[in-house]
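# Structural features, examined
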Amino acid sequence: MPTVQRVLMTADTVGGVWAYALELSRALGHEGIQVDLATLGAPVSAVQWREARQLPNLTLHESHYRLEWMDEPWADVRASGQWLLELEAALAPDIVHLNGFCHGWLPWRTPALVVSHSCVLSWWEAVKGEQAPERYAHYGREVSRGLCAAACVVAPSAAMLAATERLHGPLRFTRVIPNARRAEAYPPGPKEEFVLAAGRLWDEAKNLAALDAVAPGLPFPVRVAGEVQHPGGGRARAPHVQSLGTLAPGELAGWMARAAIYALPARYEPFGLSILEAALAGCALVLGDIPSLREVWGEAARFVHPDDEEGLARALRELMAHSTERERLAREARARALTFTPRRMVEAYLELYAALRARPSEAWVSPALPAS
């Protein structure tokens, strides 16, 4: 099958996609593949620059264009699309790997796949319990246009792919490829009696407010790593948990190594990289009972409905009171986590890249779609 030597990949710098993109780029480097990573959304931070420089196969192309889910982004989406086409023309990649939706409809010269990490419409349904309001109609049309034009749509879980197809389909060609993390970056350590969570405190999808609500009645303290400053202004309040603030990846790994329990009673989590990291670090998992997390973790976690605060408190108290059960669940979570390897992920992507390049060009060239 056709070989791949160079990939043009996009990534936003303000969420978990950055970690995914670097993990995949590192694994592609082990296969001798060069990656040009085009960043969007916000300036690359000093920590992110240090991470990127550690990968000899990675070249960073930085931009500050607004992302499709941000307020009034469409002029920037059009401008960033032109910038990406210019990069493709200059770099001549073998594959275009898009970690956003709207650029899927651009007239790419080479096969372009789109990864559906999350979307506003499925987020709104899961978090708010209703369809997204009319103000997101333009967003929905642009996302659907990009997805339907892509040579392939990938999702990290079957649950996320099903939601994407239901809201934006039918799609031309799809795959489920789970995310991955390197086990050596998250070594378990001696466990201490505290609960850890990670996520933006103001993000309703993570449902960290439920942890704050139950924390006063728990025998272990609850610590939360993540941003507290809301991008729209103001700070999230969580008076009953200890806020660790925003941590560098190595710092967060250290906290995970020490934590006995990792809790994330999420309402929406298409895969959950922080959960995978905590499981590799030997934490017992208490998670929101949603289809994607059931799919990924099976019997290796305790599940609690996101609205059931008493059930969350009960599950945490039981694990706190019974160290043998807590340690057993942690072992099961780590064994499960060790199956989500970068090697497994990169092999799936390489097979997909080759399959897309082997198809006739008319099968992957984006159809001419009118602007909406």
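Residue numbering note: each chain is counted from 1, following its sequence as written. Owing to the predicted nature of the model, reporting of local features is limited to residues with pLDDT of at least 70; listing and counting of side-chain atom pairs is limited to 80 or more, with chain, interface and lining totals taken over all residues. Just so you know, side-chain values use all the structure's heavy atoms and leave hydrogens and water out.

Attention now goes to the pairing of strand 11 (residues 259-264). Most of strand 11 sits inside the fold, with six of its six residues counted as buried. In short, DSSP must find at least two bridges between two strands for them to pair. Comment: elements are numbered from the N terminus, with helices defined as DSSP H or I runs of at least four residues and strands as E runs of at least two. One ladder, built from three bridges, connects strand 8 (residues 192-198) with strand 11; its direction is parallel. Considered in strand 11, the bridge of E192 is made with A259. Pairing between strand 11 and strand 12 (residues 284-288): four bridges, direction parallel. Residue Y262 lies in a different strand from strand 12, and its bridge partner there is L285. Here the term right-handed applies to a crossover when the path leading from its first strand over the helix to its second strand runs clockwise, the strands being oriented away from the viewer. In the classification by handedness, the crossover that spans strand 11, the intervening helix 9 (residues 273-280) and the parallel strand 12 is right-handed. Here's how the labels work: a residue is buried when its accessible area is under 20% of the maximum for its type, exposed when over 50%, partly exposed in between, all with a 1.4 Å probe on protein chains only.

Time to look at unusual backbone geometry. With an omega of 0°, the peptide bond between G169 and P170 qualifies as cis. The residue P170 is located in the loop between helix 6 (158-168) and strand 7 (174-176) in this model. Non-glycine residue E72 carries a positive phi angle of around 45°. Mapped onto the fold, E72 is located in the loop between strand 3 (58-61) and helix 3 (74-91). Of note in this structure, N207 is not a glycine but carries a positive phi near 60°.

Moving on, we come to the packing of helix 11 (residues 309-321) against helix 12 (residues 323-337). What describes two packed helices is the angle between their axes and the distance between those same axes. What counts as an axis is a line fitted to C-alpha atoms, over the stretch in contact for a helix, and the angles between N-to-C directions run from 0 to 180 degrees. Where helix 11 meets helix 12, the closest approach of the two axes is 5 Å, and the angle between their N-to-C directions is 105°. With respect to helix 12, the axis of helix 11 lies roughly perpendicular. Seen from helix 11, the contacting residues are L319, M320 and A321; seen from helix 12, they are S323, E325, R326 and L329. Split into classes, the residues belonging to the contact of helix 11 with helix 12 amount to four nonpolar, one polar and two charged. Orientation is classified from the angle alone, with under 35 degrees giving roughly parallel, over 145 giving roughly antiparallel, 65 to 115 giving roughly perpendicular, and any other angle giving oblique. Any pair of residues with heavy atoms lying within 4.5 Å of one another is described as a contacting pair. When residues are sorted by character, Ala, Val, Leu, Ile, Met, Phe, Trp, Tyr, Cys and Pro go into the nonpolar class, Asp, Glu, Lys and Arg into the charged class, and all the rest, Gly among them, into the polar class.

Attention now goes to the sheet that holds strand 10 (residues 242-245). Taken in spatial order, the six strands line up as 10-9-8-11-12-13 in an open sheet, and their pairing is parallel. Either end of the sheet is taken by a strand with one partner, and the two such strands are strand 10 and strand 13 (302-304). Each adjacent strand pair in this sheet contributes to an overall mean axis angle of 25°, direction not counted. Its contacts with the sheet put helix 11 on strand 8, strand 11, strand 12 and strand 13, and the angle it makes with strand 13 is roughly 160°.

A few words on the layout of surface pockets. Which parts of space are left empty comes out when a probe the size of a water molecule is rolled across the atoms. Of the pockets and cavities examined, the second largest pocket occupies roughly 250 Å³. With a 1 Å grid spanning the protein atoms alone, the term cavity applies to any set of points in which a 1.4 Å probe fits but cannot get out, the term pocket to an open set with protein on both sides within 12 Å along at least five of seven lines, and the term lining residue to any residue with an atom within 4 Å of a point. The wall of the second largest pocket is formed by 16 residues, among which A126, A159, A163, Y268 and P291 lie closest to the centre. Every element with two or more residues in the lining of the second largest pocket is listed here: helix 4 (120-128), helix 6 and helix 10 (291-297). The biggest single contributor to the lining of the second largest pocket is helix 6, with five residues. Classifying every residue of the lining of the second largest pocket gives nine nonpolar, three polar and four charged. Grid points are joined across faces, edges and corners, and a volume is the space filled by probe spheres set on the points.

Fair warning: the whole summary comes from geometry, so function is off the table for now.
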